[in-house]
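Per-entry structural report
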2 protein chains.
Amino acid sequence: MNETIALLNRHRSIRKFKADPIPEDRFTAIIQSAQRAPTSSNMQAYSVIAVTDSDKKKTLAELAGNQAYVAECPVFLVWCADLYRLKAACEPEGGADIPASTEIFIIATVDAALAAQNAAIAAESLGLGTVFIGGIRNNPQQVSDLLGLPELVYPVFGMCLGYPDEEPTQRPRLPMRAVLHYNGYSDHAYRDSIAEYNEQLRHYMLTRKGGGRDTTWSKEMAARLRTNRRLHMKSFLANRGFFLE
Amino acid sequence: MNETIALLNRHRSIRKFKADPIPEDRFTAIIQSAQRAPTSSNMQAYSVIAVTDSDKKKTLAELAGNQAYVAECPVFLVWCADLYRLKAACEPEGGADIPASTEIFIIATVDAALAAQNAAIAAESLGLGTVFIGGIRNNPQQVSDLLGLPELVYPVFGMCLGYPDEEPTQRPRLPMRAVLHYNGYSDHAYRDSIAEYNEQLRHYMLTRKGGGRDTTWSKEMAARLRTNRRLHMKSFLANRGFFLE
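Counting restarts for each chain: residues are numbered from 1 in the order of the written sequence. The naming scheme follows written order: chains are lettered A onward, ligands numbered 1 onward. Since the coordinates come from a predicted model, pLDDT governs what is reported: local features require at least 70, and pairs of side-chain atoms require 80 or more to be given and counted, while whole-chain, interface and lining totals use all residues. Hydrogens and waters are ignored; side-chain quantities use all the structure's heavy atoms.

Two residues qualify as a contact provided that any one of their heavy atoms is within 4.5 Å of a heavy atom in the partner residue. Contact residues are listed per partner, giving 114 residues for chain B and 114 residues for chain A. In total, about 10,100 Å² of surface goes out of reach between chain B and chain A, with carbon and sulfur atoms giving 61% of it. Once two parts are brought into contact, the accessible area they lose, counted with a 1.4 Å probe and summed over both, makes up the buried area. When the buried surface of chain B facing chain A is broken down by residue, Arg36, Asn183 and Tyr185 of chain B rank first, second and third, together holding 9% of it. For this document, the term salt bridge refers to a Lys or Arg side-chain nitrogen within 4 Å of an Asp or Glu carboxyl oxygen. At the boundary of chain B and chain A, one finds 8 salt bridges. The salt bridge involving Arg137 of chain A is made with Glu103 of chain B; its shortest N-O contact spans 2.8 Å.

Looking at the assigned domains, one finds that chain A contains domain 1 (3-168) and domain 2 (176-221). Taking only C-alpha atoms into account, the centre of domain 1 of chain A sits 28 Å from that of domain 2 of chain A. All domain edges in this entry derive from an automatic or database-based domain assignment.

Note on conventions: DSSP H or I runs of at least 4 residues are helices, E runs of at least 2 residues are strands, and numbering of each starts at the N terminus. Tracing the sequence through the fold places Ser47 of chain A in strand 1 (residues 46-51). Residue burial is assigned from relative accessible area. The probe radius is 1.4 Å, only protein chains are included, and a residue is buried under 20% of its type maximum, exposed over 50%, and partly exposed in between. Overall, the relative accessible area of 0% leaves Ser47 of chain A in the buried class. At 3.5 Å, the side chain of Ser47 of chain A forms a polar contact with the side chain of His181 of chain B. Every residue in contact with Ser47 of chain A, bar those within four places of it in the chain, is listed here: Val78, Trp79, Cys80, Asp82 and Arg85 of chain A together with Ala178, Val179, His181 and Tyr185 of chain B. Pairing of N or O atoms within 3.5 Å defines a polar contact, subject to two protein rules: one partner must be a possible hydrogen donor and the other a possible acceptor, and residues neighboring in sequence count only if both atoms are side-chain atoms.

To continue, consider the sheet that holds strand 2 (residues 75-82) of chain A. In short, DSSP must find at least two bridges between two strands for them to pair. Taken in spatial order, the 5 strands make up an open sheet running 3(A)-4(A)-2(A)-1(A)-5(B), and their pairing is mixed. In the strand order of this sheet, the two ends are held by strand 3 (129-133) of chain A together with strand 5 (180-182) of chain B, each with one partner. The mean inter-strand angle of the sheet, taken between neighbouring strand axes irrespective of direction, is 25 degrees. The pairing of strand 1 of chain A with strand 2 of chain A spans 6 bridges and is classified as antiparallel. Whenever a helix is involved, its axis is fitted only over the stretch in contact; in every case the axis is a line through C-alpha atoms, and angles between N-to-C directions fall within 0 to 180 degrees.

Turning our attention to the packing of helix 2 (residues 24-35) of chain B against helix 6 (residues 102-125) of chain B. Residue and element names in this part refer to chain B. Relative to each other, helix 2 and helix 6 sit at 145 degrees, their axes nearing to 7 Å. For the pair helix 2 and helix 6, the crossing hand works out as right-handed. Contacts between helix 2 and helix 6 involve Ile30, Ser33 and Ala34 from the former and Ala115, Asn118, Ala119, Ala122 and Ala123 from the latter. Residue composition of the contact of helix 2 with helix 6, by class: 6 nonpolar, 2 polar and no charged. Left-handed is the label given to a crossing in which the near helix is rotated counterclockwise from the far helix by less than a right angle, and right-handed is the label when the rotation is clockwise. Three classes are used, and their members are as follows: Ala, Val, Leu, Ile, Met, Phe, Trp, Tyr, Cys and Pro are nonpolar, Asp, Glu, Lys and Arg are charged, and the others, Gly among them, are polar.

For the rest of this paragraph, the subject is the relation of the copies chain B and chain A. Expressed as a screw transformation, the operator carrying chain B onto chain A has a rotation angle of 180 degrees and an axial translation of 0.0 Å, and the superposed copies differ by an RMSD of 0.0 Å. When the rotation and shift are considered jointly, the pair of chain copies conforms to a two-fold rotation axis. Residue Thr4 of chain B, judged by its C-alpha, is the member of chain B lying nearest the rotation axis, at 2.8 Å. When the interface residues of chain B are mapped onto chain A, 100% of them again lie at the interface, so the same face is used by both copies. Least-squares superposition aligns the copies on the C-alpha atoms of those residues with pLDDT at or above 70 in both.

Here is the structure:
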């Protein structure tokens, strides 16, 4: 329909990167694009840490569960929800009590996600590849210490950025009727679509590059929900000042 | 640098829409683009409710704090974090206990945000306008009841979609050094930039279309943090099954 829509529909995560650095003007365009994302009440309640230091990237790769591409990509971005800067912003006005509420946690988390997604799209439009790294939430306190994050800032996810050195096939998504509802939620609209998707994903997983595996979406999801539950997040966040009241 | 980056950098929220409907093929392309957004472990833990019913849009406009454009846009999208479908997905595998954790709340909230941002970009690439509506969290229980949302689903934000009937000027964002850090967080990198941004935003607010107002970012943020705190979100979410443990 147009080049932007084609680009969005070509997206797949990249986990193997060339060593080539990212030219500075391109990197600037990526961050500028991130900054233009929508933000709740113009709060801009996020920050991004660009990690280029090899030792820090290596440590982050380990902390994220030994994901080698975190060390191998030329720039690893850590997208943070940031209420600390908002607190600083209020100082000329006599300061403000930042509520430790679930609501403002949602605002800052969503702001970080929207900015990050704009960055990812800008990057892909320039021929770069990306992968989101939720694994930094395996060890969020160590990640925060390594990056010197102050109170009221937490790392939501990481993102590898670099020139792709692989051409992975695209994983199929759920049929549209499984995620789109009209005027109200209707689960009967998607009950049958789960079986259909299980077959599609099974075919993809069997035939994908780099080794097939016999599984289904249901199998993957049941296994995923039983592992890697990161039950430390609540106390970690409280430690950063996000009490989710 | 290219058309996609230009598009991302042209973004501004639209709050006045023409009555023209959105052609079905364009709407489909928008939702398809949303579905291609990154998603944590392929969980696709979001749903979107397309509200086209006039009465429902009118009610939602009131629930969102009397935002007329919610009723006036041809399609109002409600982006939901959705773990209910994941629960259904696990049924063929003997079911799964969905942890009521902060971690999975983050996953589902971020999944919804990433999909929504792709939809917004696709829409803008087709000449449509959008505005995110956090106001649906003013009355999230009533919104959930109106849309028949089941347990483990919550409305993160809404989004008006339609052809723009205004040409608003673009609000400036923080200087880049205020949001971008290298290899570690450094607040001295942005302390002075807040004063600079206060002046920029003051100029924008004084001269913007539709009536000027003498304010600064610091003033706006201090006022914003004192009002509309939505302290009901924690108990509302617990009621939906998100206990944030």
